[in-house]
Amino acid sequence: MFETVLIANRGEIAVRIIRACKELGVKTVAVYSKADRDSMHVRLADDAICIGNSPSSESYLHIPAIITAAEIANVEAIHPGYGFLAEDAHFAEICESCHIKFIGPNSESILRMGDKVQARQLAKKAGVPVVPGSEGIVKDKNEALKVVQEVGYPVIVKAVAGGGGRGMRIAHNDLAMVSAFATAQTEAEAAFGRPDVYIEKYLEHPRHVEVQILADTKGNVIHLGERDCTIQRRHQKLLEESPSPAISDDIQKKMCRMAVRLAQESKYVNAGTIEFLVDKDNNFYFIEMNTRVQVEHTVTEMVTGVDIIKEQLRVAFGEPLSVDQKSVRPRGAAIECRINAEDPDRGFVPQGGRVSLYVPPGGPNVRVDSHLYSGYVVPSFYDSLLAKVITFGRDRMEAINTMRRALDEMIIQGVPTTIPFHRRIVDDSRFLRGDYPMNLVEELFE
Ligand code: MV4
């Protein structure tokens, strides 16, 4: 196993990775910006190097500073976490060329799956259902109107270099199509440096269900079941659960089988997530693949008992997965609530500040992944995630009851949080029935 690993991230995921490393006897090197001098991941790591000023561009996104820190600390590998450089193929390539193991897929996989049209074509080739839509990139509005003739309105225009909902535009008729197409191209150019867009049939009120896969360098590819991430607000996931309450067992089995097939076909290695949409007729369609560990990996860990970060470290070191498909038997149900420093009653506006008192929930079947402590100052330079509360139950209702109890126990004073939002969601009748629409949040809060 590696001797020393650098964590090129911050906050709760940096703490999470340090914990996995410690349990494997791996030494850890934290990197931090000036704003994060007093943060938890700096305290927990064996060593810590300041890599620059507070803005992400001058620290967590500053590749020369991170590589320099890795060289100085003489680490064998870098774990990128999620966000920041986790899906930056250029960064993975630089690690490879500096003989520093990038803990994740190789740069070629990141590049290919980051191109949403290539990913879609790969899925099609692997026999994985994709949303009806354009073959590839749609060059101009005439081509766009031709695609619409085949699939019919409504359609959604998506950025090839986008993902996670960024740069998407919906159109319900030709007039709207023309402007949506032009706007999506302009936005894609501005946001991703590539104006290329593609078109899909717009699915009304789909469920967002994703499959966790793990693949090692020995040809083993397994899935760890699915997660339902339908409760989002402006493409930000707020609550995730496993298993999905919205799909039948046979759909779930087919979806997981398809996810494994796509990973095999694309010779994927390490942890990855295959995202699907499920429509109201229970058809599922591949939309994109994430080549990183995700915030919500925790609910999969709770129902399978597999430590996904440890598997990432093992695979990166060249070891086989410590589990095979037969030994993965998800049981029970798990729910994760993302506690953000945002005020749900003021449009979820992010707000930093000093946490005067932090009392996490505890007791049976409660897990809290967080970097908070009493007195911690939440910087306003980074995303607003403060903590993830994850609860487990033998069935979904038990997990919900435990979540309700955990949220009532949790104290975070000094900054506004989304705790009241989650408290309302876990009491909402549609949520309790498990048939919540994708815009439940907008309906409840706006
Ligand atoms: C869609 C869609 C409807 N039709 N694609 C893309 C990124 C992913 N995070 C959500 N995305 C969507 N893609 C087609 N063809 C609707 C969404 C969507 C969504 C889907 C399920 C649950 C919540 C959602 C929130 C915003 C957008």
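If you're wondering where the values come from, they're calculated on a predicted model, not measured in any experiment. (Residues numbered from 1 in each chain as written. Predicted model: local features only at pLDDT ≥ 70, side-chain atom pairs only at ≥ 80, totals over all residues. Heavy atoms only, no water.)

**Q** What's the story with the site of the ligand in this structure? I'm lost.
**A** Taken together, 18 residues are adjacent to the ligand, and Lys 158, Glu 200, Lys 201, Leu 203 and His 235 come closest. Here a nitrogen atom of the ligand and a backbone polar atom of Lys 201 are 2.8 Å apart. Protein chains bury 95% of the 530 Å² of accessible surface belonging to the ligand in isolation. Listing elements by their share of the shell around the ligand, those giving two or more residues are strand E6 (155-163), strand E8 (197-201) and strand E10 (221-233). Its residues placed into classes, the shell around the ligand shows eight nonpolar, six polar and four charged. Shared between two domains, the shell around the ligand takes at least three residues from each, and those domains are domain 2 (132-201) and domain 3 (207-445). (Near = heavy atom within 4 Å. Polar contact = N/O pair within 3.5 Å; in protein donor to acceptor, adjacent residues only side chain to side chain. Areas by Shrake-Rupley, 256 points an atom, 1.4 Å probe, with all protein chains shown as cover. Helix = DSSP H or I, 4+ residues; strand = E, 2+ residues; numbered from the N terminus. Nonpolar A, V, L, I, M, F, W, Y, C, P; charged D, E, K, R; others polar. Domains from an automatic or database assignment.)

**Q** Looking at this model, I keep getting lost on the sheet that holds strand E4 (residues 77-79). Mind explaining?
**A** Strand pairing in a sheet takes place through backbone hydrogen bonds and is either antiparallel or parallel in direction. Pairing in this open sheet of five strands is parallel, and the strands run E3-E2-E1-E4-E5 from one edge to the other. Looking at which strands have only one partner, the edges of the open sheet turn out to be strand E3 (47-52) and strand E5 (101-102). Pairing of strand E1 (residues 4-7) with E4, which is carried by three bridges, proceeds in the parallel orientation. Within E4, the position partnered with Val 5 by the bridge is Ala 77. Helix H1 (residues 11-23) rests against E1, strand E2 (27-33) and E4 of the sheet, and its axis sits at about 170° to E1. (Pairing = 2+ DSSP bridges. Contact = heavy atoms within 4.5 Å. Axes fitted to C-alpha atoms, helices over the stretch in contact; angles between N-to-C directions.)

**Q** Just to check I follow, could you spell out the pattern of salt bridges for this structure?
**A** Tallied over the entire structure, the rule returns 34 salt bridges. Of the charged contacts, one joins Glu 187 and Arg 169 as a salt bridge, the two residues approaching to 2.8 Å between their closest N and O atoms. On the criterion of sequence distance, the pair formed by Glu 187 in helix H8 (residues 174-192) and Arg 169 in strand E7 (residues 166-171) is long-range, its members being 18 residues apart. Overall, the relative accessible area of 30% leaves Glu 187 in the partly exposed class. Here Arg 169 falls in the partly exposed class, since its relative accessible area comes to 31%. In this structure, Glu 398 engages Arg 394 in a salt bridge whose closest nitrogen and oxygen atoms are separated by 2.4 Å. Counted as one network, the salt bridges with shared partners bring together Glu 210, Arg 227, Lys 237, Glu 240, Glu 275, Glu 296 and Arg 338. (Salt bridge = Lys/Arg side-chain N within 4 Å of Asp/Glu carboxyl O. Buried < 20%, exposed > 50% of the residue type's maximum accessible area, 1.4 Å probe, protein only.)

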